[in-house]
2 protein chains.
Amino acid sequence: MSSMPLCAAHHPMPDFNGDAIAQYMRTDFITLPDHLSVNGAREYFVSQLTTDDIPGQVFVVAGKALRGVLSIKRLLQEKDTSLNINHLTDSCLFHVKPDDERAQVVAELAEREVDLVAVVERGELVGCLMEKEIAHLQEDDVTEDVQLQGATLPLEKPYLEISPWTLWKKRSVWLLLLFVAEAYTSSVLQHFEEALESAIALAFFIPLLIGTGGNSGTQITSTLVRSMALGEVRLRDMGRVIRKEVSTSLLIALTLGLAGCLRAWMMGIGMEITLIVSLTLVCITLWSAVVSSVIPMVLKRIGIDPAVVSAPFIATLIDGTGLIIYFKIAQHFLGLN
Amino acid sequence: MSSMPLCAAHHPMPDFNGDAIAQYMRTDFITLPDHLSVNGAREYFVSQLTTDDIPGQVFVVAGKALRGVLSIKRLLQEKDTSLNINHLTDSCLFHVKPDDERAQVVAELAEREVDLVAVVERGELVGCLMEKEIAHLQEDDVTEDVQLQGATLPLEKPYLEISPWTLWKKRSVWLLLLFVAEAYTSSVLQHFEEALESAIALAFFIPLLIGTGGNSGTQITSTLVRSMALGEVRLRDMGRVIRKEVSTSLLIALTLGLAGCLRAWMMGIGMEITLIVSLTLVCITLWSAVVSSVIPMVLKRIGIDPAVVSAPFIATLIDGTGLIIYFKIAQHFLGLN
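Residues numbered from 1 in each chain as written. Chains lettered and ligands numbered in written order. Predicted model: local features only at pLDDT ≥ 70, side-chain atom pairs only at ≥ 80, totals over all residues. Heavy atoms only, no water.

Colleague: Help me get a handle on empty space enclosed by the protein, residues and values and all.
Modeller: Counted according to the given criterion, the structure contains 3 cavities of 30 Å³ or more. Approximately 250 Å³ is the volume found for the largest cavity. What lines the largest cavity is a set of 24 residues, and nearest its centre among them are G211(A), A315(A), G211(B), A315(B) and D319(B). Elements with a minimum of two residues in the lining of the largest cavity: α8 (206-229) and α11 (311-334) of chain A together with α9 (206-229) and α12 (311-333) of chain B. The residue makeup of the lining of the largest cavity, split by class, is 10 nonpolar, 10 polar and 4 charged. Space inside the second largest cavity adds up to approximately 50 Å³. What lines the second largest cavity is simply R171(A), L175(A), S216(B), Q219(B), I220(B), E245(B), T248(B), S249(B), I252(B) and T285(B). (1 Å grid on protein atoms, 1.4 Å probe; cavity = no way out; pocket = protein on both sides within 12 Å on 5 of 7 lines; lining within 4 Å. Points joined across faces, edges and corners; volume = space filled by probe spheres on them. Helix = DSSP H or I, 4+ residues; strand = E, 2+ residues; numbered from the N terminus. Nonpolar A, V, L, I, M, F, W, Y, C, P; charged D, E, K, R; others polar.)

Colleague: Which residues make up the packing of aromatic side chains, and what values go with them?
Modeller: Considering all chains together, one arrives at 8 aromatic pairs over all chains under this definition. Between F29(A) and F59(A), the ring centres sit 5.7 Å apart and the planes meet at 75 degrees, which makes this aromatic pair edge-to-face. Placement of the pair is F29(A) in the segment before β1 (31-33) and F59(A) in strand β2 (residues 57-62), with a sequence separation of 30 residues. Overall, F59(A) belongs to the buried group, its relative accessible area being 2%. Three or more aromatic residues joined by ring pairs form one cluster here, namely F192(A), Y326(A) and F327(A). The ring of Y159(B) carries the charged tip of K244(A) above its face, separated from the ring centre by 5.9 Å. (Phe/Tyr/Trp six-rings, centres within 6.5 Å; stacked < 30°, edge-to-face > 60°. Buried < 20%, exposed > 50% of the residue type's maximum accessible area, 1.4 Å probe, protein only. Lys NZ or Arg CZ within 6 Å of the ring centre and 35° of its normal.)

Colleague: Now, about the nonpolar core: what can you tell me, with residues and values included?
Modeller: Counting residues in hydrophobic clusters, the biggest one holds 90 residues, and the most contacted among them are L202(A), F205(A), F327(A), F205(B) and F327(B). Within the second largest apolar cluster, 36 residues are counted, among which are L32(A), V60(A), L75(A) and L88(A). (Core = buried A, V, L, I, M, F, W, Y, C linked by side-chain atoms within 4.5 Å.)

Colleague: Kindly report on the layout of surface pockets, identifying the contributing residues and their values.
Modeller: Of the pockets and cavities examined, the second largest pocket occupies roughly 720 Å³. Forming the boundary of the second largest pocket are 32 residues, of which E131(A), D53(B), I54(B), P55(B) and G56(B) lie nearest the centre. Secondary structure elements with two or more residues in the lining of the second largest pocket: α4 (131-149) of chain A together with α4 (131-149) of chain B. Broken down by class, the residue content of the lining of the second largest pocket amounts to 12 nonpolar, 7 polar and 13 charged.

Colleague: Can you lay out the domain arrangement of chain A for me, pointing to particular residues and giving the numbers?
Modeller: The assigned domain composition of chain A is domain 1 (19-132) and domain 2 (159-332). Averaged C-alpha coordinates put domain 1 of chain A and domain 2 of chain A at centres separated by 49 Å. (Domains from an automatic or database assignment.)

Colleague: Describe the pattern of salt bridges, and please don't skip the residues or the numbers.
Modeller: If the charged atoms of two oppositely charged side chains come close together, the side chains can form a pair. Here the structure, examined in full by the defined rule, presents 16 salt bridges over all chains. The shortest N-O distance in the salt bridge between D53(A) and K132(A) comes to 3.4 Å. Of this pair, D53(A) sits in the loop between α1 (38-48) and β2 while K132(A) sits in helix α4, and the two are 79 residues apart along the sequence. Among the residues examined, K132(A) registers a relative accessible area of 32% and is labelled partly exposed. The salt bridge involving R102(B) is made with D141(B); its shortest N-O contact spans 3.5 Å. You can see R102(B) sitting in helix α3 (residues 102-110) and its partner D141(B) sitting in helix α4, a full 39 residues away along the chain. D141(B) carries the same exposure label as R102(B), and that label is buried. If you follow the salt bridges from partner to partner, you end up with R26(A), D28(A) and E133(A) in one network. (Salt bridge = Lys/Arg side-chain N within 4 Å of Asp/Glu carboxyl O.)

Rendered as structure tokens:
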């Protein structure tokens, strides 16, 4: 070989934010200069292998500029060993920038089958993502979603290394927000004080009714958020999703209405309350289904990660609105107002 | 080459259950017979490549029996091309059976760095898991965890292909279980009817108090369950986890107690109820922290997937016990019983 082929050096990591691709890319990968022959490229490639990971494709460069991608299978199987590798090189299709956001790149990768992603900055190849890095990106994305689903801010370090002080800061933000949102349930109940006083038995079913509404909503959002993350459900499927969820929740509403009827009858609290509780269960389940299937899609539409729609989020939303449904039905059947 | 090297054939898939490794393993991989020389093995290996995925290691076999694993890097870099590949082969360390459960294999893989897993049945190599298959296993495991966290039975098909009827079956099981568990909140409230009647304002704070207890517990379990799935937290860390969570929840309890004080004062419902609400918030938060950090670890200990501890599960558990805490405190301060 007449000139030294280029092998990307270990660049110092710039101080990007924790979600930037620069944090994930590798800089120690093999590149082949575009003037090599098949034979020269083979020899160079084999000599550069340092681990058991054999890349399926390598970048072909001219100086630091990315020229394309060469399949190692093609390189090893080519019969004409004096051919210039330019003739075997494909121009590279998918590349990202070092300061691209992780979530955005994960979403783009979900839509195509890619094993190798070039990281390019101002026309220069500065790094790449191979299968391991892509898997790492996706794993961190899932972890962040799980933390959002638990209504806590994402943790940057392994759990055992985090101090109670940091955990408190991460958690109290969401807890206080949910507390403030949930606080209006007190105002709702205060507003219906008269109904409560005239039939104290109404209070007995408050946790059961709002809990069940929250649970049936959580089932929907968790399935939907995951399906959206996997790319199984897209925004254009919104109509199908809502139709499916409303049909399902009709079945579920009838099941739960029956269960509520049975429960109220077991407690022996009279026909009227039994009727109110059962009817409320049906209405809350349907209401919860509509809210829980629409909200993740609306959030996605306006560019917010639907993973923020956690069980606590849905529960808080259903608690207050569910109480209004409950007491409106109660007022009607008890002949109040 | 004097004899035909073995390339594993496409075995017909046996009808294992959906979680068996047999569903994931590939059967179209390259194997090298153990009598080949370095040169013979190289030629054979290159001729067998069909896709751009270049395996980093291949299996060496004698007949159908697994002899070991050969690093392709070693094969390509070896200078002595007439050497028998037996001299370069490592005996294979980690292998699984085709009817092993997915969750068990994922847990075992989390504890080691493995890129290639042999699937062996009665001493014969029947398949393998490469990086893609391992990633696929892990992805399905996460999806199942997410579905458990949403308190629904795992779905076997993409969301849009599932009928409302199937969704109803998958969801109503958990919903009814949670409904039955939550139903005892009605009995708790009925038991404390006297306290409720003497101070109806106590009812106003029921959703806020139990909701907040559920939320703070959910934050803990979702972080913990994920850390356990990633292998960051193990059973022997139980003491550290509980200490960390109790310290954190002391800080959170004080924060929420203060918030509750403010909220009750804003509603103008008197000193006594304000005190009862704030104190209950402190107690429920601490109680919730203990329950939520112990339960996932106890479940893991007795061999149950801790991912079943979903937000609805924690909420249901805290709802009833939280109400008992609330009314016991109320009875004490209101001088009842």
